[in-house]
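# Summary of the model geometry
What follows is the residue order along each chain.
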Amino acid sequence: MCLAFAAALILPAFAEAAAAPPRDVQFTMPLEFIGEWNQTLSDCGTGGNDSRLRVSANSVRFYESGGPIKAVVRRGAFEIMFITELSGEGQSWLAAHRLILSSDGTYVTAPSDAGSALVRYRCPSR
């Protein structure tokens, strides 16, 4: 009977701890990644380039999709991985993205699993 009582007290604590996110998970985008990023600076603010990425504290917007940020994991001062719940063209899905910020903050690199990388430059504030 004592064992059953102890289990009743301890198991909910383990379940709650398992549900808590790791300490390095955030739910908003770090300030240095917020803004508009584009492969070509002349396309900033126009929506004319499919490389456009707009990042706010709580959401991201790509050329044809966008949605809320669900989690952000930081690795050092310049690298993040984030999960978004994107929607576009009648579909919705979860997507993971990795961004590496240049040391001077002027561009981000988005490596792909195939080994290539897309470089986007920080658009000037308007």
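This section reports on the structure supplied with the text.

Each helix and strand in the chain was counted, giving one helix and nine strands. Element order for the chain, N to C, with α for helix and β for strand: α-β-β-β-β-β-β-β-β-β. Residues counted as buried form 32% of the 126 residues belonging to the chain. Taking the intrachain contacts of the chain between residues at least 6 apart in sequence as the baseline, contacts between residues at least 24 apart amount to 37%. Just so you have it, the chain exposes about 8100 Å², and 59% of that area is on carbon and sulfur atoms.

The next point concerns the state of the cysteines. Two cysteines joined by a covalent bond between their sulfur atoms form a disulfide. A full pass over the atoms with the stated rule returns one disulfide. Between Cys-44 and Cys-123 runs a disulfide, and the two sulfur atoms are separated by 2.0 Å. Across the S-S bond linking Cys-44 and Cys-123, the dihedral sits near -75°, which makes this disulfide left-handed. Separated by 79 residues along the polypeptide, Cys-44 in the loop between strand S2 (35-38) and strand S3 (53-55) and Cys-123 in the segment after strand S9 (117-122) bring together distant segments of the chain. On the accessibility criterion, Cys-123 (8% relative accessible area) is buried.

Note on placement: Arg-52 falls in the loop between S2 and S3. Put simply, Arg-52 and Asn-38 are 14 residues apart on the chain and 4.6 Å apart in space, counted from C-alpha to C-alpha. Not counting residues up to four positions away in its chain, the partners in contact with Arg-52 are Glu-36, Trp-37, Asn-38, Gly-47, Arg-61, Phe-62, Tyr-63 and Arg-120. At a separation of 3.3 Å, a polar atom in the side chain of Arg-52 contacts the main-chain carbonyl oxygen of Phe-62.

So, about the pairing of S2. Note: S2 against S3, three bridges, orientation antiparallel. What sits directly across from Glu-36, in S3, is Arg-54.

Attention now moves to the pattern of salt bridges. Under the criterion given, the structure shown has five salt bridges. Across the pair Arg-74 and Glu-32 runs a salt bridge, and its minimum N-O distance is 2.1 Å. In this pair, Arg-74 is assigned in strand S5 (residues 66-75) and Glu-32 in the loop between strand S1 (25-26) and S2, connecting sequence segments 42 residues apart. Overall, the relative accessible area of 25% leaves Arg-74 in the partly exposed class. In this structure Glu-32 comes out as partly exposed when scored by relative accessible area, which is 29%. Lys-70 serves as the salt-bridge partner of Glu-85, at 3.2 Å between the closest nitrogen and oxygen. Here the residue Glu-85 occupies a position in strand S6 (residues 79-88), and Lys-70 occupies one in strand S5, the gap between them amounting to 15 residues. According to the relative accessible area criterion, Glu-85 is partly exposed, its value standing at 36%. Accessibility expressed as a relative area gives 38% for Lys-70, which makes it partly exposed.

Cut-offs used in this document
- Residues numbered from 1 in each chain as written.
- Predicted model: local features only at pLDDT ≥ 70, side-chain atom pairs only at ≥ 80, totals over all residues.
- Heavy atoms only, no water.
- Helix = DSSP H or I, 4+ residues; strand = E, 2+ residues; numbered from the N terminus.
- Buried < 20%, exposed > 50% of the residue type's maximum accessible area, 1.4 Å probe, protein only.
- Contact = heavy atoms within 4.5 Å.
- Areas by Shrake-Rupley, 256 points an atom, 1.4 Å probe, with all protein chains shown as cover.
- Disulfide = S-S within 2.5 Å.
- Polar contact = N/O pair within 3.5 Å; in protein donor to acceptor, adjacent residues only side chain to side chain.
- Pairing = 2+ DSSP bridges.
- Salt bridge = Lys/Arg side-chain N within 4 Å of Asp/Glu carboxyl O.

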